[in-house]
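What the coordinates show
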Amino acid sequence: MTGTVNVADLRLVDWGTATAEERHRILARGSDHDGVDEGLRASIATIVEDVRKRGDAALVDALGRFDKMTLPAERLRVSEEEFAQARAAVSERLIEAIRTSITQVRAFNELIVERASWTAEPRPGLLVGEQATAIPSVGLFVPSGKGSFPSVLIQIATPAVVAGVERIVVMVPPVPGGSGQVDPATLVAAQELGLSEVYRSNGPAGIAALACGTETVPRVRKIVGPGSPAVACAQLEVQRLGCVVEVGFGPTDALIVADDSADLRLLAADLINEAEHGPDSSAVLVSISRPVLEGVRAHVAEQLAELPEPRRTYATTSITANGGLVLAADREEAMAVANAYAPEHLQLAVEGPKTWLPLAKYSGTVLLGQWTTFAASNFAIGTPATLPTTGFAQVSSGVTASTYLVRAAIAQLDEAEFRRLAPVVTELAGHEGFPAHAATVTVREDASE
C-alpha cells in the first residue's frame, strides 16, 4: 500500500538565522511539553489511591472499566499454562531472535557489572572505592497498547538479571480487544530470562499495584519501564508513596548529524526509523551541507509513501511537524544543536565519527556511522535502548545494570594517615559545633600516650 507525501512539508531550518520560535519548535519536538495535564493527573491519582486501599479488587475493576475485560483476581498472575501456550504460539525464528538479543544485552551489562565495584590507593595508608550491590526488588512495566514489544522487556529485564536483583516482577497490560491474554512474545522473553512473576493489569493501576502491593502483586522498591502518558503520570504519582521510579521515558526521539559523506537514501531510512513509533515521536536531521538536506527530501517522501498505515502517518507527523531538517554552519554548531536537543538516539553519519564523539555531550546513545543503525541498537547490539527522551538525556541515562545497582563508598585509613587527617577533623568539628566528632580524635591521642 502506498500513498503520497508532500516534500514541501519537510521544512529546512537554517539554525544561524532561525527565529526563536523556529528553534523552539525543533527543540520542543513540536510540543510545548507544559507538563502533566491536571485532569489526567487527578484521574490517575484516584486510580492509585483506589489500588492502595482496595488492592486486587481495584485492579479487577480497572481492567473492566478501562480495558473492557472481566477477569477474576485469580487470573492477575500469568499461569504456567499460559507460558506454555505462548511458546507454542511464537515462531522458532522469533524465539531465536529473542535469545540472541538477550545474549547481546547480557554481554554489554556484564561488562558494566565487572567494573561497578572498585578500590584504589590514592596515597599510602588510604584505601577508597565503591562496592556495588543489586537492589532487592524491581517492577518492570512493558506496554502493549500499540503492539507486541518483547524487545522492551529484553532491554529492561536483562540488565536487572545481570545485576542480580533478587525479585523481578513484570507488569503487562493484556492485549487490547482480547479476553485477558498477555502478549505471547513478551511471555517468551520473560521465560528465556527465567522470570516467572508476570502480572496483567491496566497500565496505571498496575503501576500503583507495584508501588503499593496488593493481595496478589508484591510491592517493589523501584519501577522501570516506558509507557503511555497515563502510565508516566502514574509513575510520577507513586513516587509520593515512597517508590523510586526511573523517569524520562516518553515519546521516542532521534537526531542524525550528517555531512557530505553520508548516503542520502540511508539517511532517509534512518530518519524514518524512529519516526514511525507514533505521532508524538520526533526525528531531526542536522547537516553542515545544504545539498545533503535538500537531497534527502525526495528520499524521505519516497520511503514514507511506501509505509503502511498508521506508520506512514506517524512517521510523517514525527518528521514534518515534530522534527525537520536543520542546516548548521559548521561541526561545532551541528553538535551544539544536538546537545541542546539531547536526543534519545544520536547517529553520527559523518566521515570519521570518532573525531566528532567528544563533542556529543547529551544523548541516550551515540551511534557511530551509517552501519550502526537505530534499529540495530534497538534490537541487536546490546547497548541500552530504553533511553531518556524529551531532553532528559541532559540529566539521566539509559537503562543498564547500573540502574539496578546501589553503591556504597568504602574507605580504610591506617594510623599514620589518620593522624595526618586528624587536624582537619578537629578543626571542622569545632567550627560546626560537634564536640563528639572532635573527641574521636582526642580519644585516640590519649590512648596512644
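Preceding this paragraph is the structure being described.
The following paragraphs examine the structure supplied in this document.

The rules behind the values
Residues numbered from 1 in each chain as written. Predicted model: local features only at pLDDT ≥ 70, side-chain atom pairs only at ≥ 80, totals over all residues. Heavy atoms only, no water. Helix = DSSP H or I, 4+ residues; strand = E, 2+ residues; numbered from the N terminus. Buried < 20%, exposed > 50% of the residue type's maximum accessible area, 1.4 Å probe, protein only. Contact = heavy atoms within 4.5 Å. Phe/Tyr/Trp six-rings, centres within 6.5 Å; stacked < 30°, edge-to-face > 60°. Lys NZ or Arg CZ within 6 Å of the ring centre and 35° of its normal. Pairing = 2+ DSSP bridges. Axes fitted to C-alpha atoms, helices over the stretch in contact; angles between N-to-C directions. Disulfide = S-S within 2.5 Å. Parallel < 35°, antiparallel > 145°, perpendicular 65-115°, else oblique. Left-handed = near helix turned anticlockwise from the far one by under 90°. Nonpolar A, V, L, I, M, F, W, Y, C, P; charged D, E, K, R; others polar. Salt bridge = Lys/Arg side-chain N within 4 Å of Asp/Glu carboxyl O. Right-handed = clockwise from strand over helix to strand, strands pointing away.

1. Description of the environment of Val169
With respect to the helices, strands and loops of the structure, Val169 is situated in strand S5 (residues 167-172). By relative accessible area, which is 0% here, Val169 ends up buried. Spatially, the C-alpha atoms of Val169 and Arg331 are 45 Å apart, while their sequence positions differ by 162 residues. The contacts of Val169, once residues within four sequence positions are left out, are Val138, Gly139, Leu140, Glu197, Tyr199, Leu210, Pro218 and Val220.

2. Some thoughts on the packing of aromatic side chains
We describe a pair of aromatic rings using the distance from one ring centre to the other and the angle between the two ring planes. Taken as a whole, this structure holds zero aromatic pairs when the rule is applied. The side chain of Arg29 reaches across the aromatic face of Tyr341, ending 3.7 Å from its centre. Positioned above the aromatic ring of Trp356 is the side chain of Arg331, whose terminal nitrogen or guanidinium carbon lies 5.5 Å from the ring centre.

3. Things to note about the sheet that holds strand S2 (residues 118-123)
If you walk across this open sheet you meet the three strands as S2-S3-S14, and the pairing is antiparallel. Bordering the open sheet on either side are S2 and strand S14 (405-413), each of which pairs with just one other strand. Each adjacent strand pair in this sheet contributes to an overall mean axis angle of 20 degrees, direction not counted. Across nine bridges, the pairing between strand S3 (residues 126-134) and S14 is antiparallel. Its bridge partner being in S14, Ala132 is matched across the sheet by Arg407. Packed onto the sheet, helix H16 (residues 415-432) meets S2, S3 and S14 and runs at close to 95 degrees relative to S14.

4. Let's talk about the sheet that holds strand S12 (residues 345-349)
Taken in spatial order, the six strands line up as S1-S11-S10-S9-S12-S13 in an open sheet, and their pairing is parallel. In this open sheet, the two strands that pair with only one neighbour each are strand S1 (12-14) and strand S13 (365-368). Pairs of neighbouring strands in the sheet enclose a mean axial angle of 20 degrees, with direction left out of account. Of the strand pairs in this sheet, strand S10 (residues 282-287) and strand S11 (residues 324-327) are connected by four bridges, and their pairing is parallel. Looking at S11, one finds that Val284 is bridged to Gly324.

5. Some thoughts on the environment of Val231
Locating Val231 in the fold gives a position in helix H9 (residues 229-238). For the pair Val231 and Pro204, spaced 27 residues apart in the sequence, the C-alpha separation amounts to 4.9 Å.

6. Re H9
Of all the 10 residues making up H9, seven are buried; the element is thus mostly covered by neighbouring parts of the structure. Every buried residue of H9 is listed here: Ala230, Val231, Cys233, Ala234, Gln235, Glu237 and Val238. Buried residues in H9 make contact with helix H2 (38-54), strand S4 (137-141), helix H8 (203-212), strand S7 (222-224) and strand S8 (244-245).

7. Some remarks on the state of the cysteines
Counting across every chain of the model gives zero disulfides. Of all cysteine sulfurs in the structure, the one in Cys243 sits closest to Cys212, which takes part in no disulfide; the separation is 8.4 Å. The thiol of Cys233 is not disulfide-bonded; the next cysteine sulfur, from Cys212, is found 14 Å away. The buried category is assigned to Cys233, whose relative accessible area is 3%.

8. Side note on the packing of helix H10 (residues 264-275) against helix H11 (residues 290-305)
Two elements in contact, H10 and H11, have axes separated by 8 Å at closest approach and are oriented at 60 degrees. Of the possible angle classes, the one that applies to H10 and H11 is oblique. Between H10 and H11 lies a crossing whose hand is right-handed. Listed contacts from H11 to Leu264, Arg265, Leu267, Ala268, Ala269, Leu271 and Ile272 of H10 are Val292, Gly295, Val296, His299, Val300, Gln303 and Leu304. Residues that form the contact of H10 with H11 fall into these classes: 10 nonpolar, three polar and one charged.

9. With respect to the pattern of salt bridges
Scanning the entire structure with this criterion turns up 22 salt bridges. As a salt-bridge pair, Arg29 and Asp253 come within 3.4 Å of each other at their nearest N and O atoms. Note that Arg29 is positioned in the loop between helix H1 (20-27) and H2 and Asp253 in strand S9 (residues 253-258), a separation of 224 residues in sequence. By relative accessible area, which is 1% here, Asp253 ends up buried.

10. Let's talk about the side chain of Ser282
In this structure, Ser282 sits in strand S10. Of the residues examined, Ser282 reaches a relative accessible area of 0% and is grouped as buried.

11. As for the pairing of S4
Of all the five residues making up S4, five are buried; the element is thus mostly covered by neighbouring parts of the structure. Because side chains alternate across S4, one face comprises the buried residues Ser137, Gly139 and Phe141, and the other comprises Val138 and Leu140, equally buried. As judged from the five bridges shared by S4 and S5, these two strands associate in the parallel manner. Across the sheet, Phe141 pairs through a bridge with Met171, a residue of S5. Since S4 and S5 lie parallel, the crossover through helix H6 (residues 150-163) that links them has a hand, and here it is right-handed. Pairing of S4 with S7, which is carried by two bridges, proceeds in the parallel orientation. Residue pairing for S7: Gly139 is matched across the bridge by Ile223.

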